[in-house]
Amino acid sequence: MKPYYSHAGIDIYHGDCREILPELSTRSVDVILTDPQYFLPPPGHNAKGDQEWCGSLGDLAMFEASYESTMKEFKRLTGTTGQVYVCCHDRSYPSLYRLAYPRWPKVCLVVWYKPTGRTGNGWRRSHELVMHAAGKDVIYTDGFRLDLVGIMPVRTMKRGPPAEKPGELGDF
């Protein structure tokens, strides 16, 4: 498998992690940054369109079951020295946290504040959640990190994929 970027001993792979991770079976990974699809139905969704849809714990159970094997792969590849950053939202975070907490000794939630103007009516999301998990031997830089980071998102008209993340998100 050819890396998306490779220079000075750093390889970056870009694609569906469910396809990439098995190919890395003999390597250890320092950092995994992933943005899984949030396939939980949105509020108000109904296949018939005639009733308001309310979520159930079954939705979370399906989401969690689908990421169980992916989290196992993350842990296998990162071991005690690697880190994982998983972009998520308020509905997927509980399931991802349940999967990460028993696998890594360091698990926390980082809030990515998107300081941009919003238009329209009602509540607009001005943040995204990022779950961080790290092995016991991960050493952070001196000082402490804030769990709130302000990074501008990629503007809608400049995006390739619909949920494209800015490169600076990988800096924290």
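Reading the values: the criteria
- Residues numbered from 1 in each chain as written.
- Predicted model: local features only at pLDDT ≥ 70, side-chain atom pairs only at ≥ 80, totals over all residues.
- Heavy atoms only, no water.
- Core = buried A, V, L, I, M, F, W, Y, C linked by side-chain atoms within 4.5 Å.
- Buried < 20%, exposed > 50% of the residue type's maximum accessible area, 1.4 Å probe, protein only.
- Helix = DSSP H or I, 4+ residues; strand = E, 2+ residues; numbered from the N terminus.
- Contact = heavy atoms within 4.5 Å.
- Pairing = 2+ DSSP bridges.
- Salt bridge = Lys/Arg side-chain N within 4 Å of Asp/Glu carboxyl O.
- Phe/Tyr/Trp six-rings, centres within 6.5 Å; stacked < 30°, edge-to-face > 60°.
- Expected span 1.5 Å × (residues − 1).
- Bend = angle between axes of the 7 residues up to and from the residue.

Caption draft 1: Main features of the nonpolar core. With 23 residues, the main nonpolar core has Met71, Phe74, Leu96, Trp104 and Met131 as its most contacted residues. Counting residues per element, the ones that place at least two in this core are α1 (17–20), α2 (57–78), β4 (83–88), α3 (93–100) and β6 (127–134). Here this core takes five residues from α2, the largest share from any one element. Setting aside anything within four residues of it in sequence, one finds Met71 in contact with Val86, Leu96, Leu99, Ala100, Arg103, Trp104 and Met131.

Caption draft 2: Highlighting the environment of Phe74. Along the chain, Phe74 turns up in helix α2. For Phe74, a relative accessible area of 3% corresponds to the buried category. Residues Phe74 and Ala100 lie 26 residues apart in sequence; the distance between their C-alpha atoms is 9.5 Å. Ignoring sequence-local partners within four residues, the contact set of Phe74 consists of Cys17, Leu21, Ile32, Thr34, Val84, Val86 and Trp104.

Caption draft 3: Expanded view of the pairing of β6. In terms of residue burial, β6 counts as a mostly covered element, since seven of its eight residues are buried. When β4 meets β6, the two strands line up antiparallel, connected through six bridges. Bridging across to β6, Val84 finds its partner in Ala133. Note that strand β5 (residues 106–113) and β6 share eight bridges and pair antiparallel. Bridged to Lys106 within β6 is Ala134.

Caption draft 4: Representation of the pattern of salt bridges in the model. The tally for this structure, following the rule as stated, stands at five salt bridges. As a salt-bridge pair, Arg76 and Glu73 come within 2.7 Å of each other at their nearest N and O atoms. Of this pair, Arg76 and Glu73 both sit in helix α2, three residues apart, roughly one helical turn. Here Asp137 makes a salt bridge to Lys136, at a shortest N to O gap of 3.3 Å. Residue classification places Lys136 among the exposed positions, given a relative accessible area of 55%.

Caption draft 5: Highlighting the packing of aromatic side chains. For the structure on display, the rule yields two aromatic pairs. Each ring, one from Tyr93 and one from Tyr97, has its centre 5.6 Å from the other, and the planes form 50 degrees; the classification is tilted. Placement of both Tyr93 and Tyr97 in helix α3 is noted, with a separation of four residues, approximately one turn of the helix. The exposure class of Tyr97 is partly exposed, given its relative accessible area of 27%. Seen in terms of ring centroids, Tyr97 and Tyr101 are 5.5 Å apart; in terms of plane orientation they differ by 25 degrees. Their pairing is stacked. Among the aromatic side chains, those forming a connected cluster through ring pairs are Tyr93, Tyr97 and Tyr101.

Caption draft 6: Inspection of α2 at higher detail. With 22 residues, α2 should cover 32 Å at 1.5 Å per step; its first-to-last C-alpha distance of 30 Å lies within 8% of that length. Roughly 40 degrees is the biggest bend found in α2, and it falls at Glu68. Those residues of α2 that sit buried are Asp59, Phe63, Glu64, Tyr67, Thr70, Met71, Phe74, Leu77 and Thr78. In the core, the buried residues of α2 are packed alongside α1, β3 (31–34), β4, α3 and β6. Count one or two residues on from α2 and you reach Gly79, which has phi positive near 55 degrees.

Nothing here speaks to function; it is all geometry.
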